[in-house]
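As a plain string of letters, each chain reads:
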Amino acid sequence: MINKPLVLTYLYLFIYILLSSGVILYNKWVLSPKYFNFPLPITLTMIHMGFSGVVAFFLVRVFKVASPVKMTFEIYATCVIPISAFFASSLWFGNTAYLHISVAFIQMLKALMPVATFIMAVLCGTDKPRCDVFLNMLLVSVGVVISSYGEIHFNVVGTVYQVTGIFAEALRLVLTQVLLQKKGLTLNPITSLYYIAPCSFVFLFVPWFLLEKPAMEVSQIQFNFWIFFSNALCALALNFSIFLVIGRTGAVTIRVAGVLKDWILIALSTVIFPESTITGLNIIGYAIALCGVVMYNYIKVKDVRASQLPAESLPERITKDWKLEKKSSDIFVPNNSGDISGGTGSAADAFGDEEAPLIPSARLSYLGRTQLGNHAA
């Protein structure tokens, strides 16, 4: 007999992997001078933010699909604005990297997400330095360095943009915990877009006006409505697919799906974009980095389970284990960085995927701050 809930779960995972990979490859195709040739990453990100904000407005204010939270000016100024600023920065830098380096290499660099998040958490006082975690971070860093050394088309500018975007996204995740969680706010995907997307659009307007508006005036840039509409629609759909996946699976399952997505994405990128050559050193370095990520995830899952389980007998722990797997997904927050609208992920890909501009929940924990694999707008 067919297990319908299980089939539905796998269907959601398949849709997530498909949309996450598709958005990243679509963004690369649009931005690349060799293909669609729309080398304006800030403009593309603004289109995503504007579209998401408009859709969220209609869902909240017109169709009443979701109710707005009790948002005061003080909360908006001290929480939403700084979070939106770093979110906009992560999308801006992450998308700009597509102009200079390959999709495959970008996915490899995203393995640094746990390192960046841990560093920011320590600096902000939400985490403490630990020897075991430090060793994992060192292993990840060594793997990324080896992978970078093996990159044939290594570009310093593109690498700097991507790494900067990763650290901006990491700081956004930590600020989400420090600011929103302390205010007791819980945002679902729709309300997250409702509050954060318009604010991010405003932040992106300043660099767009200074950097890209002059270029658009002096050069002939092709604009195809259906290309950009479908691109923004895919980014929006990715947000909701992440929400569906988190609602039906546990954090461990999501992480495995993120790692699988990254490997599929790296393989697909070499087929779709022939210039994205992968070397043996690339693979070795990325495999080393992933070992560090897996070990780090294992430590954090163990920490969360230990903190949630009261002292009890072994049989009681076993009977509650499946509940913890489901419960862990409640504190798991997708990363949103250049994979979608500019967003991953794989961080969360930690599900971070740096892939979607949303905060399904403000309850960000260690588990929600690591990398699942990282995406793309």
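Residues numbered from 1 in each chain as written. Predicted model: local features only at pLDDT ≥ 70, side-chain atom pairs only at ≥ 80, totals over all residues. Heavy atoms only, no water.

For the chain, the name recorded in an unreviewed UniProt entry is Sugar phosphate transporter domain containing protein, with Trema orientale as its organism. Annotation of the chain in UniProt includes, under Subcellular location (unreviewed entry), the sentence "Membrane". (UniProt positions renumbered as here; feature names shortened; annotations may be inferred.)

Visitor: An account of the overall build of the chain is requested, with residue identities and associated values reported.
Guide: In terms of regular secondary structure, the chain is built from 12 helices and zero strands. Residue burial in the chain is summarised as follows: out of 377 residues, 55% are buried. Summed over its atoms, the accessible surface of the chain is roughly 15800 Å², and 73% of this surface lies on carbon and sulfur atoms. (Helix = DSSP H or I, 4+ residues; strand = E, 2+ residues; numbered from the N terminus. Buried < 20%, exposed > 50% of the residue type's maximum accessible area, 1.4 Å probe, protein only. Areas by Shrake-Rupley, 256 points an atom, 1.4 Å probe, with all protein chains shown as cover.)

Visitor: Can you explain the packing of aromatic side chains? Please cite residues and give values.
Guide: Here the structure, examined in full by the defined rule, presents 18 aromatic pairs. Geometrically, the ring pair formed by Phe223 and Phe228 is stacked, given 4.6 Å between the ring centres and 15° between the ring planes. Residue Phe223 is classed as exposed on the basis of its relative accessible area, which comes to 54%. A relative accessible area of 3% means that Phe228 is categorised as buried. Seen from their ring centres, Trp226 and Phe229 are 6.1 Å apart, and the 90° between their planes marks the pair as edge-to-face. Note that Trp226 and Phe229 are positioned in helix H9 (residues 225-248) at a spacing of three residues, about one turn of the helix. Trp226 sits in the exposed class, given a relative accessible area of 60%. (Phe/Tyr/Trp six-rings, centres within 6.5 Å; stacked < 30°, edge-to-face > 60°.)

Visitor: How would you sum up the pattern of salt bridges? Please name residues and give values.
Guide: In total, this model carries five salt bridges according to the counting rule given. Residues Arg130 and Asp132 are paired through a salt bridge, measuring 2.9 Å at the closest nitrogen-oxygen approach. Judged by relative accessible area, Arg130 falls into the partly exposed class, the value being 27%. Counted as one network, the salt bridges with shared partners bring together Arg130, Asp132 and Asp303. (Salt bridge = Lys/Arg side-chain N within 4 Å of Asp/Glu carboxyl O.)

Visitor: With reference to specific residues and values, describe the nonpolar core.
Guide: In terms of nonpolar packing, the biggest core is built from 77 residues, with Val30, Val103, Val140, Val144 and Leu204 touching the most fellow members. With nine residues, the top contributor of residues to this core is helix H3 (residues 73-96). Not counting residues up to four positions away in its chain, the partners in contact with Leu204 are Ile42, Thr45, Met46, Met49, Ala88 and Trp92. Grouped together as the second largest cluster of nonpolar side chains are 11 residues, Leu238, Ile242, Ile246 and Ala257 included. (Core = buried A, V, L, I, M, F, W, Y, C linked by side-chain atoms within 4.5 Å. Contact = heavy atoms within 4.5 Å.)

Visitor: Please give an account of unusual backbone geometry that cites residues and values.
Guide: If you check the backbone angles, Asn37 has positive phi at about 60° while not being a glycine. Residue position: Asn37 is located in the loop between helix H1 (4-31) and helix H2 (41-62). For Lys64, which is not glycine, the phi dihedral falls at a positive 55°. Along the polypeptide, Lys64 turns up in the loop between H2 and H3. We classify Lys64 as exposed; its relative accessible area is 58%.

Visitor: Lay out a nonpolar patch on the surface with the relevant residues and their values.
Guide: A contiguous nonpolar patch, built from Val54, Phe57, Phe58, Val62, Phe63 and Val65 and spanning about 580 Å² of accessible area, is present on the exposed surface. Within the secondary structure, Phe58 is located in helix H2. The class of Phe58 is partly exposed, set by a relative accessible area of 40%. (Patch = residues over 30% accessible without salt bridge, like charges linked within 9 Å, V, L, I, M, F, W, Y side chains within 5 Å.)

Visitor: Please provide a residue-by-residue account of helix H7 (residues 156-183), values included.
Guide: Over its 28 residues, H7 runs 40 Å from end to end, which matches the ideal 40 Å to within 8%, given 1.5 Å per residue. The N-terminus of H7 is capped by Asn155, whose side-chain oxygen sits 3.0 Å from the backbone nitrogen of Val157. A positive phi of about 75° marks Gly184, the residue just after H7. (Expected span 1.5 Å × (residues − 1). Polar contact = N/O pair within 3.5 Å; in protein donor to acceptor, adjacent residues only side chain to side chain.)

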